[in-house]
Amino acid sequence: MSKKPQKSTLTSAEIAEQTAAFLKSGGSVEYVDKGKSGQFASTGSKQINLKSGQ
């Protein structure tokens, strides 16, 4: 029997360290305005209508 993989949990300190290392290595962060996904829609609305065709 194989062992189940342990869940990886990060503390805020670990996330802060990783973020600092990323930025120090030349990485950058792109800020997205509140309420936007940051994704460009390649097609029209993906909203669906759940009402029957009556």
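Quantities reported herein were computed from a predicted structural model and do not represent experimental measurements.

(A) Here's a closer look at the overall build of the chain. What the chain contains, in helices and strands, is one helix and zero strands. Looking at the chain as a whole, 0% of its 54 residues are labelled buried. Of the roughly 6300 Å² that the chain leaves accessible, carbon and sulfur atoms contribute 53%.

(B) Region of the structure containing a nonpolar patch on the surface. The grouping of Phe22, Leu23, Val29 and Tyr31 at the surface amounts to a nonpolar patch, some 460 Å² of accessible area in total. Locating Leu23 in the fold gives a position in helix H1 (residues 12–24). Residue class for Leu23 comes out partly exposed when judged on its relative accessible area of 42%.

Thresholds applied
- Residues numbered from 1 in each chain as written.
- Predicted model: local features only at pLDDT ≥ 70, side-chain atom pairs only at ≥ 80, totals over all residues.
- Heavy atoms only, no water.
- Helix = DSSP H or I, 4+ residues; strand = E, 2+ residues; numbered from the N terminus.
- Buried < 20%, exposed > 50% of the residue type's maximum accessible area, 1.4 Å probe, protein only.
- Areas by Shrake-Rupley, 256 points an atom, 1.4 Å probe, with all protein chains shown as cover.
- Patch = residues over 30% accessible without salt bridge, like charges linked within 9 Å, V, L, I, M, F, W, Y side chains within 5 Å.
- Salt bridge = Lys/Arg side-chain N within 4 Å of Asp/Glu carboxyl O.

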